[in-house]
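So the chains spell out like this:
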Amino acid sequence: ESSQWTFENKWFLLEAEESYCNNDFEVAKLFYEKAILSAKEHKFVHEEALAYELAAYFYLELGDAEKAMEYFLLAHEKYHEWGA
């Protein structure tokens, strides 16, 4: 048996990516945020970094360069914190 929190953020991230691919951008935004918060809450620093990075690419594609840059910087900080 596994605990929900060990894979929750990964599931949220997959849902975000699927929603993005299906052009359901509002749902994608919600799932990116859920993935980030879940990874942060459970101290999965590398997965928090990945969620920020993928969300940044999402916002860049939507034309929100300011939000994308914010998330790229946060991803960079988290990757650095992780030791990458």
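The structure under discussion appears in the preceding block.
The rules behind each value
- Residues numbered from 1 in each chain as written.
- Predicted model: local features only at pLDDT ≥ 70, side-chain atom pairs only at ≥ 80, totals over all residues.
- Heavy atoms only, no water.
- Helix = DSSP H or I, 4+ residues; strand = E, 2+ residues; numbered from the N terminus.
- Rg over C-alpha atoms; globule rule 2.2 N^0.38 Å.
- Buried < 20%, exposed > 50% of the residue type's maximum accessible area, 1.4 Å probe, protein only.
- Contact = heavy atoms within 4.5 Å.
- Areas by Shrake-Rupley, 256 points an atom, 1.4 Å probe, with all protein chains shown as cover.
- Lys, Arg positive; Asp, Glu negative; His and termini not counted.
- Charge placed at Lys NZ, Arg CZ, Asp CG, Glu CD.
- Salt bridge = Lys/Arg side-chain N within 4 Å of Asp/Glu carboxyl O.
- Core = buried A, V, L, I, M, F, W, Y, C linked by side-chain atoms within 4.5 Å.
- Expected span 1.5 Å × (residues − 1).

Peer 1: Give a description of the overall build of the protein that names residues and reports values.
Peer 2: The helix and strand tally for the protein stands at 4 helices and 0 strands. Helices and strands in the protein line up, N terminus first, as α-α-α-α. Computed over the C-alpha atoms, the radius of gyration of the protein is 12 Å, within 12% of the 12 Å expected from 2.2 N^0.38 for a compact globule of 84 residues. Judged by the C-alpha coordinates and their principal axes, the protein covers about 40 × 30 × 15 Å. A total of 84 residues make up the protein; the buried ones form 33% of that total. The long-range fraction of contacts in the protein, counting pairs at least 24 apart against all pairs at least 6 apart in sequence, stands at 48%. On the protein, roughly 5500 Å² of surface is accessible, and the fraction owed to carbon and sulfur atoms is 56%. Of the charged side chains in the protein, 7 are positive and 18 negative, and the gap between their average positions amounts to 5 Å.

Peer 1: Would you mind going over the pattern of salt bridges in detail, with residue names and values included?
Peer 2: Counted according to the given criterion, the structure contains 5 salt bridges. Across the pair E47 and K10 runs a salt bridge whose closest N-O atoms are separated by 3.1 Å. Taken together, the positions of E47 in helix 3 (residues 45-62) and K10 in helix 1 (residues 8-21) put the pair 37 residues apart, joining distant regions of the chain. By relative accessible area, which is 14% here, E47 ends up buried. Bridged by salt links that share partners, the residues K40, E48, K78 and E81 form one connected network.

Peer 1: I'd like a description of the nonpolar core, backed by residues and values.
Peer 2: With 17 residues, the main nonpolar core has Y32, I36, A55, Y59 and Y71 as its most contacted residues. Elements that contribute at least two residues to this core include exactly helix 1, helix 2 (25-41), helix 3 and helix 4 (65-82). If one sorts the elements of this core by residue count, helix 3 sits on top with 6 residues. Each residue touching Y59, except ones within four places of it in the same chain, is listed here: K29, E33, D64, K67, A68 and Y71.

Peer 1: How would you sum up helix 3? Please name residues and give values.
Peer 2: With 18 residues, helix 3 extends 26 Å from end C-alpha to end C-alpha; this agrees with the ideal 26 Å at 1.5 Å per step. Among the residues making up helix 3, those that are buried are V45, E47, E48, A49, A51, Y52, A55, A56, F58 and Y59. In this structure, the buried side of helix 3 is in contact with helix 1, helix 2 and helix 4. Looking one or two residues beyond helix 3, the residue adopting positive phi is G63, at roughly 90°.

Honestly, it's all geometry; don't read function into it.
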